[in-house]
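Residue-level structure breakdown
Residues per chain, in single letters:
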Amino acid sequence: MARVKEDYRTLTGPQKAAIFMLALGEDHSAKLFEIMDDEEIRELSQTMANLGTINAAIIERLFVEFADQLSTSGSLIGSYDSTERLLMKSLPGDRVSQIMEEIRGPAGRTMWD
């Protein structure tokens, strides 16, 4: 008999991430996998493979909780600093530096220079 997860409170963080990825579907999940390292992909894949059946109410609650956490922060702030911090958590430092340099443009120069 297949296992069915019915109690949201028993879910671990990795299980929530695995459910979220599966619920997003192949196209959206593929984009997230592209920015993960091999170890993160292995861990998440292992968790996904062992989830079993997830009750629809749990999936709905997961997305509601996700939306609530976004809304309780008041707002999101998109800045060079917040973008760089986020990239540093998932990409090598030299790659982040290159990306940030490209989006900032040459330091201190304007198009008039």
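Refer to the preceding data block for the structure.
Residues numbered from 1 in each chain as written. Predicted model: local features only at pLDDT ≥ 70, side-chain atom pairs only at ≥ 80, totals over all residues. Heavy atoms only, no water.

**Some details on the overall build of the chain**
Across its full length, the chain holds six helices and two strands. Along the chain, helices and strands appear, N-terminal first, in the series β-α-α-α-β-α-α-α. Evaluated residue by residue, the chain yields a buried proportion of 18% over its 113 residues. Considering only contacts in the chain between residues 6 or more positions apart, those separated by 24 or more positions represent 62%. Carbon and sulfur atoms make up 55% of the accessible area of the chain, which amounts to about 8800 Å² in all. (Helix = DSSP H or I, 4+ residues; strand = E, 2+ residues; numbered from the N terminus. Buried < 20%, exposed > 50% of the residue type's maximum accessible area, 1.4 Å probe, protein only. Contact = heavy atoms within 4.5 Å. Areas by Shrake-Rupley, 256 points an atom, 1.4 Å probe, with all protein chains shown as cover.)

**Topic: the layout of surface pockets**
If you add up the space inside the largest pocket, you get close to 560 Å³. At the level of elements, α1 (13-24) and α3 (38-49) are the ones that each hand at least two residues to the lining of the largest pocket. Residues that form the lining of the largest pocket fall into these classes: 10 nonpolar, two polar and three charged. (1 Å grid on protein atoms, 1.4 Å probe; cavity = no way out; pocket = protein on both sides within 12 Å on 5 of 7 lines; lining within 4 Å. Points joined across faces, edges and corners; volume = space filled by probe spheres on them. Nonpolar A, V, L, I, M, F, W, Y, C, P; charged D, E, K, R; others polar.)

**Considerations on the packing of aromatic side chains**
For the structure shown, the criterion picks out two aromatic pairs. Between F20 and F63, the aromatic rings sit 4.9 Å apart at their centres with planes inclined by 25 degrees, giving stacked as the arrangement. With F20 in helix α1 and F63 in helix α4 (residues 56-72), this residue pair connects regions lying 43 residues apart in the sequence. F20 sits in the buried class, given a relative accessible area of 17%. Through successive ring pairs, a cluster of aromatic residues spans F20, F63 and F66. (Phe/Tyr/Trp six-rings, centres within 6.5 Å; stacked < 30°, edge-to-face > 60°.)

**Observations regarding the environment of L22**
Positionally, L22 belongs in helix α1. Judged by its relative accessible area of 48%, L22 falls in the partly exposed class. In this view, L22 contacts S29, M48 and L51; residues no more than four positions away in its chain are not counted.

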